[in-house]
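# Topology and contacts: notes
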Amino acid sequence: MLHTSDFDFELPPELIASHPLSRRDASRMLVVDGTDIADKHIRDFLDYIRPGDVVVFNNSRVIPARFMADGHEITLHTAETDKIWWGLCKKFNKIPVGAELTLDDGTTVTVLAHDNDSGLKLQFNCDNVFDVLNAVGKMPLPPYMKREEQSDDRERYQTVYADPIGSMAAPTAGLHFTPELMSEIEARGAKIVKVTLHVGAGTWMPVKTEDLSQHKMHTEWCQITPQQADIINSAKRVIAVGTTSMRTLESAAIDAGIAGATGRVVPICRGTDIFITPGYKFRAVDVLLTNFHLPKSTLFMLVSAFAGLDNMRAAYAHAVDEKYRFFSYGDCCLLFKKDGE
């Protein structure tokens, strides 16, 4: 039985990317196919595209979800309604239920509840939460960047195809793509599908238990439309850009299995708390493009399930030796599904 410590690895702190490269398509790409490893660049992604492939992106748009309220820094992560959100906050238990907090623009929020996993349940006392966040919020850069938002983060911590608003973290594998690169994908005979998963705490919350079965995934909302499902089901291969795209696809594949459907996926419009660890049998995805992930994270567990734990350990050791850039603003890797998975 695997435990959380089995997914630990050493990472020199200087390899953590705290700023984006000058160009989106300048990133390196490590290709992992079984035990074979190759050093490439994101522009080489096109060489791996075949006619009949379907490349699936997550088009969720990041909101400026981090703001100050009466001296408390709060980061929103999950919406219950258009005006009621859950937000993470240090020492949240010291803020009483019923308290009214004031944001920098004078908007108030009312604390409705506490939760040890989700933080504060807040009601915004305003007409439009997103207007307020655009005025006072900051992009929710991951804590490991150890810096405040800068002017270019509003554009660079967002994919070029971002559309529906709702994520509190970027689907970072998509940050490498330019409009030109996406046009070239289609020119190679592949189709592009843009599904939606609003990235919340489920994607990036750390695993605090040694026993993987005790880890609770937060629910994140995702959608694949009927038309998109038809395109995905017609694919010779499905290439997921990012772990959030993969989790959406595999959630829809589980629904397909329950329904007895013959295709890879069925349409989906629901919350998902899918937690993919080694031993999971992939039903929808053949190839995955993803960034390098944190030690002992659910995302490193996911890629280990897909490409093999030993293969990923070797790949990450190679990436460290070759000084790849890690995490959200870092480089990426192209993973092929391990035989038998």
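Scroll up for the structure.
Residues numbered from 1 in each chain as written. Predicted model: local features only at pLDDT ≥ 70, side-chain atom pairs only at ≥ 80, totals over all residues. Heavy atoms only, no water.

### A look at the pattern of salt bridges
If charged atoms from side chains of opposite charge come close, those side chains can pair. For the record, the criterion: By definition here, a salt bridge exists when the distance from a side-chain nitrogen of Lys or Arg to a carboxyl oxygen of Asp or Glu is within 4 Å. Helix and strand labels come from DSSP, where a helix needs a run of H or I of at least four residues and a strand needs a run of E of at least two; each type is numbered from the N terminus. Only protein chains enter the accessibility calculation, which uses a 1.4 Å probe; a residue whose area is less than 20% of its type maximum is buried, one above 50% is exposed, and one in between is partly exposed.
Inspection of the entire model under this criterion finds 13 salt bridges. Notably, a salt bridge pairs K138 with E148, separated by 3.0 Å at the nearest N-O pair. In this pair, K138 is assigned in the loop between helix 1 (129–136) and helix 2 (153–156) and E148 in the loop between helix 1 and helix 2, connecting sequence segments 10 residues apart. The partly exposed category is assigned to K138, whose relative accessible area is 38%. Residue R154 pairs with E149 through a salt bridge whose shortest N-O separation is 3.2 Å. Judged by its relative accessible area of 34%, R154 is partly exposed.

### Describing the nonpolar core
Test applied: Put simply, buried Ala, Val, Leu, Ile, Met, Phe, Trp, Tyr and Cys residues joined by side-chain atoms within 4.5 Å make one nonpolar core. A contact between two residues is defined here by any heavy atoms of the two lying within 4.5 Å.
Counting 87 residues, the largest nonpolar core has F67, L249 and F326 as the members making the most contacts within it. Considering every element that reaches this core, the biggest residue donor is helix 7 (residues 298–307), with 7 residues. Ignoring anything within four residues of it in the chain, the contact list for F326 reads F9, L11, L15, I16, A17, F292, Y316, A319 and V320. Core analysis: the second largest hydrophobic core is formed by 23 residues, M29, F57, F177 and F336 among them.

### So, the sheet that holds strand 16 (residues 287–291)
Using the following cut-off: Paired strands, in this sense, are two strands between which DSSP finds at least two bridges. Inter-axis angles, ranging from 0 to 180 degrees, are taken between N-to-C directions of lines fitted to C-alpha atoms, where helices are fitted over the stretch in contact.
Reading across from one edge, 2-1-17-16-14-3-12-13-15 is the order of the 9 strands in this open sheet, with mixed pairing throughout. One side of each edge strand has no neighbouring strand; the edge strands of this open sheet are strand 2 (36–41) and strand 15 (268–272). With direction set aside, neighbouring strand axes in the sheet form an average angle of 20 degrees. Examined bridge by bridge, strand 16 and strand 17 (residues 332–336) share 5 bridges and lie antiparallel to one another. If you follow N291 over to strand 17, its bridge partner there is C332. Together, strand 3 (53–58) and strand 12 (191–197) form the strand contacts of helix 3 (residues 179–187), whose direction differs from that of strand 12 by roughly 125 degrees.

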